Amino acid sequence: MPGLLPTPTDWPRVMLARPTAKDPADLDVAVRNGAFAGLRRAVHELGPEAIIREVSASGLRGRGGAGFPTGEKWRICATSGLPGQRRYVVANGYGADPASGTDRYLMERDPYAVIEGAAIAAFAVSAGEAIIAVRGEDAEIVRLLESAIGAAEEAGFIGPDFLETGMELTISVRPVQGAYMLGEETVLLKALEGKRGQPEQRPPHPAERGLFGQPTVVQNVQTLAAVPWIVVNGAAAFAAIGSKGSPGTVLVQARGAARDGVAEVPLGTPLREIVALAGPLPQGRTAKAVLVGGPSGGLLPPEMLDTPYEFDALRAAGAHIGSGSVVVADDRACTVDLARLLTRFCADEACGKTIPCRIGTRRLSEIAERVTSGRPRPTDTQLLGDLASDVVESGLCDHERLATLPLTSAMRYFPAELEEHILRSSCPAGVCNPIAMPATALAASPAH
Amino acid sequence: QLLYDEYGTLKCETCFQCAQACPIECIDMGGIDTKNRYHIHWGPPETYGERRDESALRRSGRPVPDRAYEHFAPIDLAPVDAVLSEYDYDPKHLLPMLEATQAAYGYLPVAAIKHISNMTGAWYAMIYGTATYYGHLRFDKPADRPQADALAAARPPESSYRDALAGSLAGRGAARRRPARPRSN
Ligand SMILES: Cc1cc2nc3c(=O)[nH]c(=O)nc-3n(C[C@H](O)[C@H](O)[C@H](O)COP(=O)(O)O)c2cc1C
Ligand code: SF4
Ligand code: FES
């Protein structure tokens, strides 16, 4: 389990509000700490429509990266199809970014928060079945969730006639594995259907036509874990946390030379304070870039550290919340090399369904590759810009659109470093090889 | 060439999506893999005599003859049958079925996939398309797969990205992905 980073005491806790239990699957302890109070209130006091209104009023937005308003998604799902229609809730706990353990941390620490959130969502949209999709490699989490679901069913919180509603709610865990793209919602649904994992055209969105063609709410596990808190404490209390456009908190994986761990952060917190969580830089080093959003994240320079960490401001800055990963790179790193590495990863993981995905990302990665290996063409900057905007315009899913961010953010904030590579075939940081290195970098290297 | 572009890089991934998606079935694909084992095709029934037979027979509920695949190494199908009955012959559970089949044999033998296709009614090409997508499913016995290993090594696996990132962050030296040029002092 990744560690929890110490955070300022005045930061509110929503998803990690409950204390850590010795056995997170112990239902009695969880209930004593408030688990299922939200579901009780949702079922006995609010009812489906009021729940959706409450979640909409709270301003909760999806924590899986895209930031879509959660209440709106539930409303679309609840009103799609016929009244007696089969509907599904899918909790996305896949955690695609191998360098971010936020969702995993949440499920290991408080499986009941996710289960309860999924139950409230299912009740709100009248879905009879909720599926929690997690990584097949995380056998521990599969076991933990299964035993937690078993206990909750035994206690009557879920299952047949749950909380005396006369309705049935089945929650199950589905381990999936084998591709980065499984985190994307339509790909995840394909995997649950037993098909090849390639994204679908939207609209129709999964909320209208999702798993097996039925209306489906796909929600990140953090989003779901925030729901019981909202139902218990009220929409206003939630909206008061975080920033105006992005209320509430989010889990981040902050990583620097000193520390690497998970923290619950109010949205809108200046990036600087999140970077500070990762601890000080090594002696004599200065911050060069912050990678925000995971493999398809943006590289932001220190001047941008005042950017509030929330959906819209980050997108405007050329990054995104993504997997919640925030990585600090000091002056030893080369931003062009970082962008090359990230683009290569994104191209390798692209599913191959459409041309921007299959060929666009590969060409971007090839350009980055030649720029960092001393074979640039003088027109490469122009070409990168054009190709990236074409991919963004024509992409089928967000993966190929976001895959352009590492390179476009590097072009936007570190043009001088890129220009050195392209026009002079040299790497100021002395990272790229076999590019000629400036004499200063050679002199500083320990090999001499 | 459909498969490779002018630089020799793979162009068509043989995912069969185009043939599956084409509403008027004007795209059909057929062929065998590089080791001459996976003989698959996807397209309108008229194109392939054996496909028409299969479809007709399957619809009539009779067993589908498997002539085209006779030369494949026969396997004991009992483990696949167990898997099939556990998942109620339901192609919706294809992924766990393939995983359980691989757990039983150590890999996915052609005959097993063929059998799953026959028993569930899911098109062979579709099962193949699913099985080739997921990184943890394999078609070769772990022991005799040097080619697959070489491919896997050339393509950075998902988890190696963490280490590669750490390398790039640490700057010079660690980020090197090619052997350094010999240094003359
Ligand atoms: C390439 C890619 C990877 C993704 N990976 C994840 C993931 O690991 N977990 C997740 O919850 N959402 C992921 N998403 C976002 C989902 O597509 C989807 O927006 C989300 O699960 C919806 O839930 P939310 O509204 O609660 O965020 C990914 C999206 C893309 C394009
Ligand atoms: S859709 Fe798939 S099979 Fe068809 S041409 Fe494209 S890559 Fe090849
Ligand atoms: S990754 Fe292939 S369409 Fe998005």
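Now for a quick tour of the structure. Note that the structure is predicted; figures quoted are calculated from it, not measured.

**Points about the overall build of chain B**
- Looking only at helices and strands, chain B features eight helices and two strands.
- Going from N to C terminus, chain B has its helices and strands arranged as α-β-β-α-α-α-α-α-α-α.
- Taken across its 185 residues, chain B has 38% of its residues classed as buried.
- Long-range contacts, defined here as pairs at least 24 residues apart, represent 49% of the contacts in chain B between residues at least 6 apart.
- Carbon and sulfur atoms make up 56% of the accessible area of chain B, which amounts to about 10,400 Å² in all.

**Some thoughts on the overall build of chain A**
- For chain A, the count of helices and strands is 19 helices and 12 strands.
- In terms of overall size, chain A behaves like a compact globule, its C-alpha atoms giving a radius of gyration of 23 Å where 448 residues would be expected to give roughly 22 Å.
- Dimensions of chain A, computed from C-alpha atoms along their principal axes, come out at roughly 75 × 45 × 40 Å.
- The buried share of chain A, reckoned over its 448 residues, is 61%.
- For chain A, the exposed area adds up to about 16,300 Å²; of that, 52% sits on carbon and sulfur atoms.
- For chain A, the distance from the average site of its 43 positive side-chain charges to the average site of its 51 negative ones is 4 Å.

**Quick word on the side chain of A:Gln222**
- Checked against the element boundaries, A:Gln222 lands in helix 9 (residues 221-233).
- Setting aside residues up to four positions removed in sequence, A:Gln222 forms contacts with A:Met15, A:Arg63, A:Thr102, A:Asp103, A:Leu106, A:Val250 and A:Leu251.

**Brief notes about the site of ligand 1**
Residues and elements named next belong to chain A.
- Every one of the 18 residues lining ligand 1 counts as a neighbour, but Gly-64, Lys-73, Ala-96, Asn-220 and Thr-223 are closest to it.
- The protein chains hide 90% of the 610 Å² of surface that ligand 1 would expose on its own.
- Counting residues per element, the ones that place at least two in the shell around ligand 1 are strand 5 (216-220) and helix 16 (398-402).
- The leading source of residues in the shell around ligand 1 is strand 5, at three residues.
- Residue composition of the shell around ligand 1, by class: four nonpolar, nine polar and five charged.

**As for the site of ligand 2**
- As a matter of local geometry, ligand 2 sits amid B:Cys12, B:Glu13, B:Thr14, B:Cys15, B:Phe16, B:Gln17, B:Cys18 and B:Met29.
- For the shell around ligand 2, the class distribution of residues is five nonpolar, two polar and one charged.

**As for the packing of helix 6 (residues 111-125) of chain A against helix 9 of chain A**
Residues and elements named next belong to chain A.
- Remark: helix 6 packs on helix 9, axes separated minimally by 7 Å, with the N-to-C direction vectors making an angle of 75°. Overall, the two elements helix 6 and helix 9 adopt an arrangement that is roughly perpendicular. Facing helix 6, whose interface residues are Ala-113, Val-114, Glu-116, Gly-117, Ala-118, Ile-120 and Ala-121, helix 9 presents Val-221, Leu-224, Ala-225, Val-227, Pro-228 and Val-231.
- Of the residues contributing to the contact of helix 6 with helix 9, the split by class is 11 nonpolar, one polar and one charged.

**Points about the sheet that holds strand 5 of chain A**
Residues and elements named next belong to chain A.
- Strand order in this open sheet of five strands is 3-4-2-1-5, and the pairing throughout is mixed. The open sheet has two free edges, formed respectively by strand 3 (159-160) and strand 5, since each of these has just one partner strand.
- Judged from the two bridges that link them, strand 3 and strand 4 (residues 168-176) form a sheet pairing that is antiparallel. In the sheet register, Pro-160 faces strand 4, and the bridge partner there is Glu-168.

**Observations regarding the pattern of salt bridges**
Residues and elements named next belong to chain A.
- Taken as a whole, this structure holds 25 salt bridges over all chains when the rule is applied.
- The shortest N-O distance in the salt bridge between Asp-330 and Arg-332 comes to 2.8 Å.
- Classification of Arg-332 as partly exposed rests on a relative accessible area of 27%.
- Three or more residues are tied together by salt bridges with common partners; here these are Glu-184, Glu-185 and Arg-202.

**A look at unusual backbone geometry**
All names here are of chain A.
- Along the chain, Arg-202 connects to Pro-203 via a cis peptide bond; the corresponding omega equals -10°.
- Along the polypeptide, Pro-203 turns up in the loop between helix 8 (185-193) and strand 5.
- Cis geometry is found at the peptide bond from Pro-203 to Pro-204, where omega equals 0°.
- Its location among the elements puts Pro-204 in the loop between helix 8 and strand 5.
- A positive phi angle is found at Glu-164, which is not glycine, with a value near 55°.
- Counting through the fold element by element, Glu-164 comes out in the loop between strand 3 and strand 4.

**Details of the sheet that holds strand 6 (residues 249-255) of chain A**
Residue and element names in this part refer to chain A.
- Taken in spatial order, the five strands line up as 7-6-12-9-10 in an open sheet, and their pairing is mixed. With partners counted over all chains shown, the strands left at the sheet margins are strand 7 (260-266) and strand 10 (298-300), one partner each. Strand-to-strand twist of the sheet, defined as the mean angle between neighbouring strand axes without regard to direction, takes the value 25°.
- The sheet contact formed by strand 6 and strand 7 spans seven bridges and is antiparallel. Counted as the bridge partner of Gln-253 is Val-262 from strand 7.

Criteria and cut-off values
- Residues numbered from 1 in each chain as written.
- Chains lettered and ligands numbered in written order.
- Predicted model: local features only at pLDDT ≥ 70, side-chain atom pairs only at ≥ 80, totals over all residues.
- Heavy atoms only, no water.
- Helix = DSSP H or I, 4+ residues; strand = E, 2+ residues; numbered from the N terminus.
- Buried < 20%, exposed > 50% of the residue type's maximum accessible area, 1.4 Å probe, protein only.
- Contact = heavy atoms within 4.5 Å.
- Areas by Shrake-Rupley, 256 points an atom, 1.4 Å probe, with all protein chains shown as cover.
- Rg over C-alpha atoms; globule rule 2.2 N^0.38 Å.
- Lys, Arg positive; Asp, Glu negative; His and termini not counted.
- Charge placed at Lys NZ, Arg CZ, Asp CG, Glu CD.
- Near = heavy atom within 4 Å.
- Nonpolar A, V, L, I, M, F, W, Y, C, P; charged D, E, K, R; others polar.
- Axes fitted to C-alpha atoms, helices over the stretch in contact; angles between N-to-C directions.
- Parallel < 35°, antiparallel > 145°, perpendicular 65-115°, else oblique.
- Pairing = 2+ DSSP bridges.
- Salt bridge = Lys/Arg side-chain N within 4 Å of Asp/Glu carboxyl O.

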